[in-house]
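# Observations on chain architecture
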Amino acid sequence: MDGLRAYGLIAGMWIRSSLAYRASFAMTVLGNLLLSGLDFVAILLMFSRVDSLGGYALPEVALLYGLSVTSFGLTDLMCNSLGQLGQRVRDGTLDTLFLRPAPVLAQAAADRFALRRVARLTQGALVLGYALVAVDVDWTLLKVLLVPVMLVSGAVIFGAVFVAGASFQIVVQDAAEVQSAFTYGGTTLLQYPPSVFGKDLVRGVTFVLPLAFVNWVPAAYVLGRPYPLGLPEGAALASPLVAVVCCALAGLAWRGGLRSYRSTGS
């Protein structure tokens, strides 16, 4: 609770700062919304030349896209600053977080909270809304409930990746691009059907870094598609469990990273 309270206070401070110049903030959000939308425009351009991608029609790909971008957008909004933790390690300003009476993780996640990133979340939600209306699915209660479960579990899984990546940056000091390959790169990967990728890559994002449980596996159940790698039918409901395991492992990595921190030596 102390961590959540500290996070709220720090994030609120940065939100007030962002809204001090409202016209500038509105233009920035609009620009980010248009820029982030180019990803889906690229998919629309593909479908102007083909009827399906990896056997998936446009509404089905839009569903994968919307689930991935919305989940990641929520995480990106809440803890994007963890991606730049290596800079704090290099310049020694991480020391200041240890001196304050609040959890370091809460401070690091809320630092420079950028409300403008709500644009990515909004854009993903718009595409998801279109997909849910356009996709040809026989909706059952379980499938309906599975959509918010996917969004929450996906956001938690991405959050665990952010925390694990930040822990790695504490150790190696300069690995922001490595972390981005798994966060931003991961959400881009999940925007497309698993059938367009090699089996080794699909195995990696299923059993090593389980990003497949953000949307590929549960969405396969919703769409009535075969599961990646022939996973058992119950795998569609495993996203919350995977999210909990990822959080536990990320927590261990974070504590290990903090214990290894030795400041800049200056």
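Here is a short report on the structure shown in this document. These numbers come from a predicted model, not from an experiment. (Residues numbered from 1 in each chain as written. Predicted model: local features only at pLDDT ≥ 70, side-chain atom pairs only at ≥ 80, totals over all residues. Heavy atoms only, no water.)

## So, the packing of aromatic side chains
Using the criterion set out here, one finds 7 aromatic pairs in the structure. Ring geometry for phenylalanine 72 against phenylalanine 162: centres 6.0 Å apart, planes inclined by 25 degrees, an arrangement best described as stacked. Here phenylalanine 72 is found in helix α4 (residues 58–79), whereas its partner phenylalanine 162 is found in helix α9 (residues 141–172), with 90 residues between them in sequence. With respect to burial, phenylalanine 72 and phenylalanine 162 carry one shared label: buried. Between phenylalanine 72 and tyrosine 184, the aromatic rings sit 5.0 Å apart at their centres with planes inclined by 70 degrees, giving edge-to-face as the arrangement. Here the residue phenylalanine 72 occupies a position in helix α4, and tyrosine 184 occupies one in helix α10 (residues 176–190), the gap between them amounting to 112 residues. Assessed through its relative accessible area of 0%, phenylalanine 72 is described here as buried. According to the relative accessible area criterion, tyrosine 184 is partly exposed, its value standing at 28%. Members of the aromatic cluster, joined through ring pairs, are Phe72, Phe158, Phe162 and Tyr184. (Phe/Tyr/Trp six-rings, centres within 6.5 Å; stacked < 30°, edge-to-face > 60°. Helix = DSSP H or I, 4+ residues; strand = E, 2+ residues; numbered from the N terminus. Buried < 20%, exposed > 50% of the residue type's maximum accessible area, 1.4 Å probe, protein only.)

## So, the pattern of salt bridges
This model, assessed by the stated rule, comprises 5 salt bridges. Of the charged contacts in the structure, one is a salt bridge between aspartate 76 and arginine 120, with a shortest N-O distance of 3.6 Å. With aspartate 76 in helix α4 and arginine 120 in helix α8 (residues 118–134), the pair connects residues that are 44 residues apart, well separated along the chain. Accessibility expressed as a relative area gives 2% for aspartate 76, which makes it buried. Where arginine 203 meets aspartate 200, a salt bridge forms, and the shortest distance between an N and an O atom there is 2.8 Å. Remark: aspartate 200 and arginine 203 occur in helix α11 (residues 199–208); sequence separation between them is 3 residues, near one turn of the helix. Note on arginine 203: relative accessible area 39%, which makes it partly exposed. (Salt bridge = Lys/Arg side-chain N within 4 Å of Asp/Glu carboxyl O.)

## Let's talk about the environment of valine 214
By secondary structure assignment, the location of valine 214 is in the loop between α11 and α12 (216–223). According to the relative accessible area criterion, valine 214 is buried, its value standing at 0%. Along the chain, valine 214 and threonine 187 lie 27 residues apart, while their C-alpha atoms are 9.2 Å from each other. Ignoring any residue separated from it by four or fewer positions in sequence, one finds valine 214 in contact with Ser71, Met150, Gly154, Ile157, Phe158 and Leu190. (Contact = heavy atoms within 4.5 Å.)

## Notes on helix α3 (residues 38–47)
Burial in α3 covers these residues: Phe40, Ile43 and Phe47. Buried residues of α3 fall within an arc of 50 degrees about the axis and therefore sit on the same side. (Arc of directions from axis to C-beta.)

## Examining the nonpolar core
In terms of nonpolar packing, the biggest core is built from 77 residues, with Ile43, Leu82, Ile157 and Trp216 touching the most fellow members. Beyond its immediate chain neighbours, meaning those up to four positions away, tryptophan 216 contacts Leu64, Leu189, Leu190, Tyr192, Pro193, Pro194, Phe197, Val202, Val205 and Pro228. (Core = buried A, V, L, I, M, F, W, Y, C linked by side-chain atoms within 4.5 Å.)

## A few points about the packing of α4 against α8
Running from N to C, α4 and α8 point in directions that differ by 150 degrees, and their axes come no closer than 7 Å. With respect to their mutual orientation, α4 and α8 come out roughly antiparallel. Relative to α8, the crossing made by α4 is left-handed. Among the residues forming the contact of α4 with α8, the class breakdown is 19 nonpolar, 5 polar and 2 charged. (Axes fitted to C-alpha atoms, helices over the stretch in contact; angles between N-to-C directions. Parallel < 35°, antiparallel > 145°, perpendicular 65-115°, else oblique. Left-handed = near helix turned anticlockwise from the far one by under 90°. Nonpolar A, V, L, I, M, F, W, Y, C, P; charged D, E, K, R; others polar.)

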